[in-house]
Amino acid sequence: MLLLFLKNKIISQFSSTFTVFAIAVLLAFSSNVIAADNSINQPPLKFERISIAEGLSQSYVYDIVQDTNGFIWIATQDGLNRYDGYDFKIFRHNNEDPTSISSNLIRVIYKDSRGTLWVGANGTGLNKYDVNTQSFQRFQHIDKDSNSLSDDYVQAIFEDAEGTLWVGTRGGLNKFNFTNG
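Definitions and cut-offs
Residues numbered from 1 in each chain as written. Predicted model: local features only at pLDDT ≥ 70, side-chain atom pairs only at ≥ 80, totals over all residues. Heavy atoms only, no water. Helix = DSSP H or I, 4+ residues; strand = E, 2+ residues; numbered from the N terminus. Buried < 20%, exposed > 50% of the residue type's maximum accessible area, 1.4 Å probe, protein only. Contact = heavy atoms within 4.5 Å. Areas by Shrake-Rupley, 256 points an atom, 1.4 Å probe, with all protein chains shown as cover. Phe/Tyr/Trp six-rings, centres within 6.5 Å; stacked < 30°, edge-to-face > 60°. Lys NZ or Arg CZ within 6 Å of the ring centre and 35° of its normal. 1 Å grid on protein atoms, 1.4 Å probe; cavity = no way out; pocket = protein on both sides within 12 Å on 5 of 7 lines; lining within 4 Å. Points joined across faces, edges and corners; volume = space filled by probe spheres on them.

(A) Region of interest: the overall build of the protein. The helix and strand inventory of the protein stands at one helix and 11 strands. Shown N-terminal to C-terminal, the secondary structure of the protein runs as helices and strands in the order α-β-β-β-β-β-β-β-β-β-β-β. When burial is assessed residue by residue, the protein has 31% of its 181 residues classed as buried. The contacts of the protein with a sequence gap of at least 6 include a subset with a gap of at least 24, amounting to 39%. Per element, the accessible surface of the protein, about 12,400 Å² overall, is 55% carbon and sulfur.

See below:
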């Protein structure tokens, strides 16, 4: 009786293992066929490495966004990098220039539906990029001002379907008022 039970258990275990294996093989085969069909009319992907050697200010990247002019914006620990496909322009904080970016440690970049670039810095608030002057307008937390950012550690920026800009900070979620800034 014990032998019959063990024999049935082994056969049951083998058949379920075999079934799982057979399904995995079929799925793998079918995904390769689908991938092959999709690539027939498309050129192969080409990747190019961009690093400090090519002009990137720092190798630790937090966020990447492409703007309406085709520039690639890269948030790093050492400034905001703008890449045109050939060269970098690096925006760094300058204590003597109130229109410079508020910090060198950039956490998040967002391009809204109007084409405006928003930059969230680590501990120094929100920055709005002015493409004409290549400068920044800063929005920061001000104690006892409920209309300012809840905190200067900007961690997320998002625009909803109605065009409202939302800014997530360590202190909470903020709704940006375009009328009065």
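(B) Geometry of the environment of Ile72. The residue Ile72 is located in strand S2 (residues 72-76) in this model. Its relative accessible area of 26% is what places Ile72 among the partly exposed residues. For Ile72 and Asp84, which are 12 residues apart along the polypeptide, the C-alpha to C-alpha distance reads 6.5 Å. In this structure Ile72 touches Ile64, Val65, Gln66, Asn81, Arg82 and Tyr83, once residues within four positions along its chain are discounted.

(C) The arrangement of the packing of aromatic side chains in detail. Taken as a whole, this structure holds 13 aromatic pairs when the rule is applied. If you follow Arg114 out to its NZ or CZ, it ends over the ring of Phe178, 3.9 Å from the centre. In this structure, Arg170 is placed above the aromatic ring of Tyr153, and the distance from its NZ or CZ to the ring centre is 4.0 Å.

(D) Layout of the layout of surface pockets. Within this model, the largest pocket holds a volume of roughly 340 Å³. Taken together, 16 residues make up the lining of the largest pocket; nearest its centre are Asn147, Ser148, Leu149, Lys175 and Gly181.

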